[in-house]
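# Examination of the molecular architecture
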Amino acid sequence: MKKKILSLLLVVCLGLSMVGCGGNDAGSTTGSNNSSSSDSKDSSSDEGSKSNAGGKIKVGIINNDSNESGYRTANNKDLKAKFTEENGYDASFFYSNKNDEQIAAAQKFIQDGVNYILLSAANKAGWDSVLQDAKAEGVQVILFDRTIDAKEDLYAASIVSDMEKEGETAVNWLRDQKLKEYNIIHLQGEMGTAAQVGRSGALDKAVETDKWKLVTQQTAEWNAEKAQQIVQSVIDSGKKFNVIYAENDDMAKGAVAALDKANISHGVGKDVVIMGFDCNKWALKELKAKNWNYDGQCNPFQATYIDDVIKKLEAGETLTEKVIILDEKGFDANEITDEDIEQYGIGG
């Protein structure tokens, strides 16, 4: 009789322990997966096992160096403000301007079991293999800020600026200035990035079709000091130039520093036309003061767009747009207003 009672107690205890494990598993799966789609078996089961307690969506965010430029600082700040625990996310960040380091970080995020990888690629090429790995593991990839050379089925959405259009808008503005001659110093960004490719491509086409002259075309890697050195070397060579086409504001700033050191006037009605991109607030103030001539907008505020895409994917919705292009414009020194600076300027 005692043996029967002991056996019965063991069975009851074992049953209770199994109920406890099942309750924990069910709770974590339900809390992390909001998808109601019947054909999302793989992604729902994977996402359920990956999410943290409390139903947080696990994201790995791969971005370029946050100190790269004012644009990047604003971009990173925007992402950090959105992807917080309060907003339902467990976010990890990785920063590098090197493609191989970013790819290694993506592999690590996949191994860590994230639900989403948010990617601003340092370079357009080389992403197919790691994105295929992500797809195989049920990790969804969302591109932001920059495009990549990869098949569309390897990422869920792309939220980007149209870098080619940015370049075309700037080049059309420059053409409309109807200068007597075009002798251009072209300061390129980090080679191979979507911003560099788009902004350089537009100018390269105009140089060919309009017979403009490139005095020099060099990368300053988004850096003001490198830009200053390049412009200083052109000044020292005695070569004639009247336009500086800088692919971001920081490089334009460095170029202006070299001009100021050599007492060469710049801006509206002066010796050298100054063109930048990104619309940092300090750069737009230089524009309004007519020390610069043109600044092209590049919108860094993409976190809300990404958050909206993730919410739709979590709800099992089909995205109506795979590629989301941000609205952007160019600003002329003769037309910009204080209201424009407040509305479109980034940074302090």
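Structural notes, computed from the coordinates. Just so we're clear, the structure is a prediction, and the values are computed from it rather than from any experiment. (Residues numbered from 1 in each chain as written. Predicted model: local features only at pLDDT ≥ 70, side-chain atom pairs only at ≥ 80, totals over all residues. Heavy atoms only, no water.)

So, about the environment of tryptophan 292. The residue tryptophan 292 is located in the loop between helix 10 (281-288) and strand 10 (294-297) in this model. Through-space distance from the C-alpha of tryptophan 292 to that of alanine 333 is 6.8 Å; in sequence the pair is 41 residues apart. Once you skip the residues sitting within four places of it in the chain, tryptophan 292 turns out to touch Asp249, Ala252, Lys253, Val256, Gly267, Val268, Ile274, Trp282, Ala283, Glu286, Leu287 and Ala333. (Helix = DSSP H or I, 4+ residues; strand = E, 2+ residues; numbered from the N terminus. Contact = heavy atoms within 4.5 Å.)

Moving on, we get to the sheet that holds strand 4 (residues 140-145). Each strand in a sheet pairs with its neighbour through backbone hydrogen bonds, running either in the same direction (parallel) or in the opposite one (antiparallel). Pairing in this open sheet of six strands is parallel, and the strands run 2-1-3-4-5-11 from one edge to the other. Only two strands of the sheet have a single neighbouring strand rather than two, namely strand 2 (89-95) and strand 11 (323-325). Mean inter-strand twist for the sheet, computed between neighbouring axes without regard to direction, equals 15°. Here strand 3 (residues 116-119) pairs with strand 4 via four bridges, running parallel. Paired with leucine 118 across the bridge in strand 4 is isoleucine 142. Against the sheet, helix 3 (residues 70-82) makes contact with strand 1 (57-63), strand 2 and strand 4, and its axis sits at roughly 160° relative to strand 2, the strand it touches most. (Pairing = 2+ DSSP bridges. Axes fitted to C-alpha atoms, helices over the stretch in contact; angles between N-to-C directions.)

The sheet built from six strands is open, its strands ordered 7-6-8-9-10-12 with mixed pairing. The strands lining the two open edges of the sheet, one partner per strand, are strand 7 (213-219) and strand 12 (330-332). Between one strand and the next, the sheet's axes are offset by a mean angle of 15°, whatever the strand orientation. Inspection of the sheet shows strand 6 (residues 183-188) paired to strand 7 by six bridges, in the parallel sense. In the strand pairing of strand 7, leucine 187 is matched with glutamine 218. The strands touched by helix 9 (residues 249-261) within the sheet are strand 6, strand 8 (243-246), strand 9 (273-278) and strand 10, with strand 9 carrying the most contacts at an inclination of about 155°.

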